Amino acid sequence: MKLMPCPLNGPRNISEFACAGEVAELRDPADCDDTSWAEHVIFSNNTAGVVREWWFHTPTSYWFIAERNTVTDEILRTYPAGEVFKARFDYAAAKDEGGK
Amino acid sequence: MPFGLLKYGFAKTYPANPILPKTPELKPSYDVVIIGAGGHGLATAYYLSTVHGITNVAVLDKGYIGGGNTARNTAVIRSNYITPEAVRFYKESVDIWTGLANDLGINLLYTQRGQLTLAHTDATVRTFRERAEVGTHLGARTKMVDLKQIAEIVPCMTLDPEARYPIQGGLWHEDGGTGRHDAMAWGYAMGASRAGVEIHQKTEVTGVTVENGKAVGVETTRGTVRCGQVVQAVAGMSSVVAKMAGFRLPIRTYPLQAMVTVPLKPFLDPMISSTALHTYVSQTARGELVIGGGSDPYELYSTRSTLDLKESLIADTLELFPFLAEVKLMRQWAGMTDMTPDYSPIMGESPVQNYWLDAGWGTWGFKATPVTGKRMAETVAAGKVPDILQPFRLDRFRSFALANEMGATAASH
Ligand SMILES: Cc1cc2nc3c(=O)[nH]c(=O)nc-3n(C[C@H](O)[C@H](O)[C@H](O)COP(=O)(O)OP(=O)(O)OC[C@H]3O[C@@H](n4cnc5c(N)ncnc54)[C@H](O)[C@@H]3O)c2cc1C
């Protein structure tokens, strides 16, 4: 069993968690062209080495950030997302373009 | 008799026949450099040299030939996908497989034993109908079967209506089969080296030389090489090598694990795969049961095995075949798979000129080795991507023209 040290729940079996990929700079879909949106959503660094990732503890619906080595699978550090995201990120109000 | 055997062994009259020539010195330049001597790289080299007469080719691998996912897959060969583009492409591969042992002069143990995929929900039954129609239309033998027919195809499988996920119906793919993966890699390697291709094992590519947006060579652990064209076919390492050439891919690398049991008496002829249980099972010619499932739950560049996967694969297999509960496992292993968001591969042009991509093969690229080799060779020789590969171009991710094969791939490989 591999343990994930959850900042909220302490060490838990990693099968209780879901990984949501590398922490990336947030992009606003309302002011982002198709190419950069694809770059943001679909393309990936897929880094072999230490990455900063979003993780989610499913039973408690708790999101946090983990620093993990994707070659050795060592989890170096986990912390609440608030350590990185200090300010609220407001998306521009999405325009209704009639399904365009 | 033992003495006779000993004499035979020491006699000079019958020298050992090495499968491949020794790795030669690297030349300063080649017409084509292929990164990765897995099935895909070797097949590309084979068709380049034998069909297109391009023989000044070097295939470079950081390990040994066919030691990557080519050696680690569960050998499922099928064409029962859902999009017409994919069915057409994979069917061409199945067609090549049927004559490949003769072409390569090596026994590939290729058998079309049929593949039965199980639906446990109405939604899956509906996608099976679509797959049966698309397959039939394009000449890939694929049809719906009901519980009675399933019981005839696999009499030993549990069809319990009280099961956790009762079986609703099946997709029967008579063209589905298995082949010997190592022999395929050796066959392509031997054929290519006979035609003059150089295969350099233990030669890792560490950099790609790009001048004015054009690939002109590669750096390796054995020196720098110039070349006219580069083909990248490195499976799980696709993003790492693409980064050397200066671009990103829509790929995430996940381990994929599989395992085999000790050999048993033959009892299972077709391959069985379950969409809801995320497991598939087949019996090899030696009698072992090969069991596989979905990728690991998170990204990792490693070929380690886990207890979690073993537990879940076994539990799911026992839902179908409870009588296997006492059977011992013999081996468990993993490969690094290069997963795309739409479960389709990426072939053809890259952002760098003269640098061709063969990537994103994830958990399903073994079956496609022959067609990929043939069509990538055609691409490099003509400098143009043929129609059959167009749906799989990298650019589809920027124009949101994805080729979604997730449902037809995730549990079936
Ligand atoms: C457990 C498992 C089960 C699978 N089951 C199936 C199945 O049933 N059916 C199916 O169709 N597919 C299956 N697959 C997928 C299939 O194995 C792969 O898609 C296919 O083998 C890819 O072939 P390849 O030649 O592109 O890659 P590989 O065989 O992995 O070859 C890539 C080569 O590139 C080399 N390389 C990497 N980096 C470098 C570098 N920097 N320099 C030089 N060389 C480098 C590696 O050493 C390797 O030999 C499975 C995969 C796994 C792991």
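Points about the nonpolar core
What tends to happen in soluble globular proteins is that the nonpolar side chains get buried as a cluster. All names here are of chain B. Membership of the largest hydrophobic core comes to 58 residues, with the highest contact counts inside it found for Leu42, Phe89, Leu100 and Tyr188. Going through the elements one at a time, strand 1 (29-35), helix 2 (39-50), strand 2 (57-60), helix 4 (84-104), helix 7 (181-194) and helix 10 (369-382) are the ones with two or more residues in this core. The element that contributes the greatest number of residues to this core is helix 4, accounting for nine residues. Both domains that furnish three or more residues to this core are identified here as domain 1 (29-73 + 181-250 + 342-408) and domain 2 (113-178 + 252-339). Not counting residues up to four positions away in its chain, the partners in contact with Leu100 are Tyr47, Leu108, Met184, Tyr188 and Pro370. Within the second largest apolar cluster, 32 residues are counted, among which are Val33, Ile35, Ile251 and Phe397.

Here's the deal with the site of the ligand
Residue and element names in this part refer to chain B. Lining the immediate environment of the ligand, one finds 37 residues, of which Asp61, Asn69, Thr70, Thr74 and Lys367 sit closest. The separation between a nitrogen atom of the ligand and a polar main-chain atom of Val205 is 2.9 Å. One nitrogen or oxygen atom from the main chain of Gly365 is found 2.9 Å from an oxygen atom belonging to the ligand. Coverage of the ligand by the protein amounts to 97% of the 1,000 Å² it exposes when considered alone. Of all the secondary structure elements, the ones that give two or more residues to the shell around the ligand are helix 2, helix 3 (69-72), strand 12 (252-261) and strand 16 (329-339). The element best represented in the shell around the ligand is helix 3, accounting for three residues. Residues belonging to the shell around the ligand are distributed by class as follows: 16 nonpolar, 16 polar and five charged. Here the shell around the ligand spans two domains, and each of domain 1 (29-73 + 181-250 + 342-408) and domain 2 (113-178 + 252-339) adds at least three residues to it.

Considering the interface of chain B and chain A
Taken together, the contacts link 20 residues of chain B with 25 residues of chain A. Carbon and sulfur atoms make up 52% of the area that chain B and chain A hide from each other, which totals about 2,000 Å². Of all residues in chain B, the largest losses of buried area upon contact with chain A belong to Arg248, Tyr298 and Tyr301 of chain B, amounting jointly to 35% of the total for that side. The interface formed by chain B and chain A includes three salt bridges. One salt bridge connects Glu39 of chain A with Arg248 of chain B, and the closest N-O pair in it is separated by 3.2 Å. Taken together, the links from chain B to chain A amount to twelve residue pairs in polar contact (both at pLDDT 80 or more). Only helix 8 (238-245) and strand 12 of chain B provide two or more residues apiece to the side of chain B that touches chain A.

Cut-offs applied
- Residues numbered from 1 in each chain as written.
- Chains lettered and ligands numbered in written order.
- Predicted model: local features only at pLDDT ≥ 70, side-chain atom pairs only at ≥ 80, totals over all residues.
- Heavy atoms only, no water.
- Core = buried A, V, L, I, M, F, W, Y, C linked by side-chain atoms within 4.5 Å.
- Buried < 20%, exposed > 50% of the residue type's maximum accessible area, 1.4 Å probe, protein only.
- Helix = DSSP H or I, 4+ residues; strand = E, 2+ residues; numbered from the N terminus.
- Domains from an automatic or database assignment.
- Contact = heavy atoms within 4.5 Å.
- Near = heavy atom within 4 Å.
- Polar contact = N/O pair within 3.5 Å; in protein donor to acceptor, adjacent residues only side chain to side chain.
- Areas by Shrake-Rupley, 256 points an atom, 1.4 Å probe, with all protein chains shown as cover.
- Nonpolar A, V, L, I, M, F, W, Y, C, P; charged D, E, K, R; others polar.
- Buried area = accessible area lost by both parts, 1.4 Å probe.
- Salt bridge = Lys/Arg side-chain N within 4 Å of Asp/Glu carboxyl O.

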